[in-house]
Amino acid sequence: MIILDGKGLSAKLKDELKCEMNSYKKTPILAVITIGNNDASKIYVNNKKKACEEVGMSFLHFRFKEEDKEEKIIKKIKELNKDENINGIILQLPIPDKFDKYKIINTIDSSKDVDGLTIESQGKLFNNVDTLIPCTPKGIMEIFKYYKIDLESKHVVIIGRSNLVSKPLYIECLKKNATVTVCHSKTKDLSIYTKQADILIVAVGKKYLIDKTMVKKGCIIIDVGISREDKKIYGDVNPNVESVCSMLTPVPGGVGPMTVAMLLRNTFDAYKKQNGVVSISELNVIK
């Protein structure tokens, strides 16, 4: 059984990104907006800040209180949209229920939407138009690429139907000519579908939803879900699947680090597209 090491791969990709960024004159800037005091969000934001520092990308954090008016947050996003120095903007989720998540997200200019969550970005994705792909699906596709996992003609079963992970992942797998089944909380007899999967991707956030009795021998499993219990982190997949599957992403250390690495990549790609710049090395070749 092969462990799909997202932590190691993300470090490799960040090193490559750092080298590539060094050949450009300007430093890309990522702006992160938080609302309220969600403990998990604080951890995620700190991870993103640390990752930016590792590759030499600038990180700006705009904090809003739960008592702040929605219009104040939207005004700040519009300012960031107009600021030519800002290349990527994300709204860290979740946010307090009193705010309209979709209204705030869709205020972000799609050219700076490095989470790929605006209606415009997702519409382009579903119509196969060049756009920024949400970070977790993009990270999973990078894992497939690095480990030479061919999706063509494979049966991919995705558990979950979120806009952030499952729906974009469905499209990305279709692009690779996989046959894709999507299951969710209303799917009856879940194991009927999971046992058919050549590749099983679980993105629910429910501790040990999947165990070894629910997968066929040789299945490749991508565990996206994270849940916390007694200060410990658990995935959606019971470790006992290791006796059955051929490949597995660990939790932690699998998809999570790849998501952060792809956020950096999306920000740098947005930076290049916005500025129409070429690297210093490319300028030297042109000369």
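The shown structure was predicted, so the numbers you read here are calculated from the model rather than taken from an experiment. (Residues numbered from 1 in each chain as written. Predicted model: local features only at pLDDT ≥ 70, side-chain atom pairs only at ≥ 80, totals over all residues. Heavy atoms only, no water.)

A.B. asks: Any chance you could explain the overall build of the protein here in plain terms?
C.D. replies: Looking only at helices and strands, one finds 10 helices and 11 strands in the protein. Radius of gyration (C-alpha) of the protein: 19 Å, near the 19 Å computed for a compact globule of 287 residues. Taken along its principal axes, the extent of the C-alpha atoms in the protein is 55 × 55 × 35 Å. Partitioning the contacts of the protein with sequence separation of at least 6, the portion at a separation of at least 24 is 72%. A total accessible area of about 14,800 Å² is found for the protein, and carbon and sulfur atoms account for 50% of it. (Helix = DSSP H or I, 4+ residues; strand = E, 2+ residues; numbered from the N terminus. Rg over C-alpha atoms; globule rule 2.2 N^0.38 Å. Contact = heavy atoms within 4.5 Å. Areas by Shrake-Rupley, 256 points an atom, 1.4 Å probe, with all protein chains shown as cover.)

A.B. asks: Looking at this structure, how should I read the environment of Lys 76?
C.D. replies: Within the secondary structure layout, Lys 76 lies in helix α3 (residues 70–82). A relative accessible area of 23% places Lys 76 in the partly exposed class. Sequence spacing of Lys 76 and Tyr 146 is 70 residues, and the spatial spacing of their C-alpha atoms is 39 Å. Polar contacts involving the side chain of Lys 76 include one to the side chain of Glu 79, which spans 3.1 Å. (Buried < 20%, exposed > 50% of the residue type's maximum accessible area, 1.4 Å probe, protein only. Polar contact = N/O pair within 3.5 Å; in protein donor to acceptor, adjacent residues only side chain to side chain.)

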